[in-house]
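Descriptive structure summary
Residue-level listing of the chains:
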Amino acid sequence: MSDELDNVDAMQFAVKRVKDKKEKAVNNAVESFKETIRDAEGLKLEAYKPDDDEEKFTIGYGHYGVDEDAEITKEEAEELLDEDVRTRLDSVVDLLPKFNSYPKDLQQAIFSEHYRGSIQQSPKTRKLINEGDFDEAAKEFLRNTEYDEAEERGIPGIRTRMEKVSELLEKYAK
């Protein structure tokens, strides 16, 4: 009986170690993506509209959907960022099932654009990426009204983010 208990304890220990390692890997990935979003979005503690065409306001590190008079602390912005990144990590993998196999720099660029909303709004690009046609996906991604009109809409920074995705897709084209 003692040997059986030792085996059970060893198995429970092994399972816990695997879970702990998996959790640590997920947390490291989340932190990496959060850093990318912090750099891309910047921090604003009062509600703003990056573009007058937006229906709702944004706050923190690009958290969309708040009221005009919203204000938050840096700590609250970090909490929103953590929630947003975790949610979007799930959804980017749903949209691009091979996402985790992409090179890290491509993952970061695609995630940044997914966070902003453009990956889910580009079904042709997603289809091409999922088919492994990165070269055509790179071109298709920039065939986009938002990209074309960014300067005149006063949001030129999105062009840089979109171009980064396009450049990396081209870099990793087969």
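On a predicted model such as this, the values are computed, not experimentally measured, just so you know.

About the criteria used
Residues numbered from 1 in each chain as written. Predicted model: local features only at pLDDT ≥ 70, side-chain atom pairs only at ≥ 80, totals over all residues. Heavy atoms only, no water. 1 Å grid on protein atoms, 1.4 Å probe; cavity = no way out; pocket = protein on both sides within 12 Å on 5 of 7 lines; lining within 4 Å. Points joined across faces, edges and corners; volume = space filled by probe spheres on them. Helix = DSSP H or I, 4+ residues; strand = E, 2+ residues; numbered from the N terminus. Nonpolar A, V, L, I, M, F, W, Y, C, P; charged D, E, K, R; others polar. Phe/Tyr/Trp six-rings, centres within 6.5 Å; stacked < 30°, edge-to-face > 60°. Buried < 20%, exposed > 50% of the residue type's maximum accessible area, 1.4 Å probe, protein only. Pairing = 2+ DSSP bridges. Axes fitted to C-alpha atoms, helices over the stretch in contact; angles between N-to-C directions. Patch = residues over 30% accessible without salt bridge, like charges linked within 9 Å, V, L, I, M, F, W, Y side chains within 5 Å. Areas by Shrake-Rupley, 256 points an atom, 1.4 Å probe, with all protein chains shown as cover. Salt bridge = Lys/Arg side-chain N within 4 Å of Asp/Glu carboxyl O. Lys, Arg positive; Asp, Glu negative; His and termini not counted. Charge placed at Lys NZ, Arg CZ, Asp CG, Glu CD. Contact = heavy atoms within 4.5 Å.

**Side note on the layout of surface pockets**
Over the atoms a probe the size of a water molecule is rolled, and this reveals where empty space is left. One number sums up the size of the largest pocket: a volume of about 530 Å³. Along the wall of the largest pocket there are 23 residues; nearest its centre are E41, P50, E54, R116 and I158. It is helix α7 (residues 157-171) that provides the largest number of residues to the lining of the largest pocket, a total of 3 residues. Here the lining of the largest pocket is composed, by residue class, of 8 nonpolar, 6 polar and 9 charged. Looking at the second largest pocket, its volume works out to about 320 Å³. Contributing to the lining of the second largest pocket are 15 residues, with V26, A29, F33, L89 and N100 lying nearest its centre. Contributions of two or more residues to the lining of the second largest pocket are made by α1 (2-41), α2 (74-95) and α3 (104-116). With 6 residues, the single largest contributor to the lining of the second largest pocket is α1. Residues belonging to the lining of the second largest pocket are distributed by class as follows: 8 nonpolar, 4 polar and 3 charged.

**What about the packing of aromatic side chains?**
For the structure shown, the criterion picks out 5 aromatic pairs. Taking 6.1 Å as the distance between ring centres and 35° as the angle between the ring planes, the aromatic pair formed by F33 and F99 counts as tilted. Taken together, the residues F33 in helix α1 and F99 in the loop between α2 and α3 connect sequence positions 66 residues apart. Judged on exposure class, the residue F33 and its partner F99 are both buried. Seen in terms of ring centroids, Y102 and F134 are 5.6 Å apart; in terms of plane orientation they differ by 85°. Their pairing is edge-to-face. Linking Y102 in the loop between α2 and α3 with F134 in helix α5 (residues 134-141), this pair joins segments that are 32 residues apart in sequence.

**Observations concerning the sheet that holds strand β3 (residues 63-66)**
The 3 strands lie next to each other as β1-β2-β3, forming an open sheet whose pairing is antiparallel. This sheet does not close on itself; its edge strands, each paired only once, are β1 (44-48) and β3. Geometrically, the sheet is characterised by an average inter-axis angle of 30° between neighbouring strands, direction not taken into account.

**Some details on a negative patch on the surface**
Among the surface-exposed residues, E46, D67, E68, D69 and E71 lie close enough to one another that they form a single negatively charged patch. Of note, D69 is situated in the loop between β3 and α2.

**A closer look at the side chain of R126**
Mapped onto the fold, R126 is located in helix α4 (residues 123-130). For the buried R126, no salt bridge is present, and the opposite-charge side chain at shortest range is E140, 11 Å distant. Excluding anything up to four places from it in sequence, R126 contacts L95, L96, I119, Q120 and Q121.

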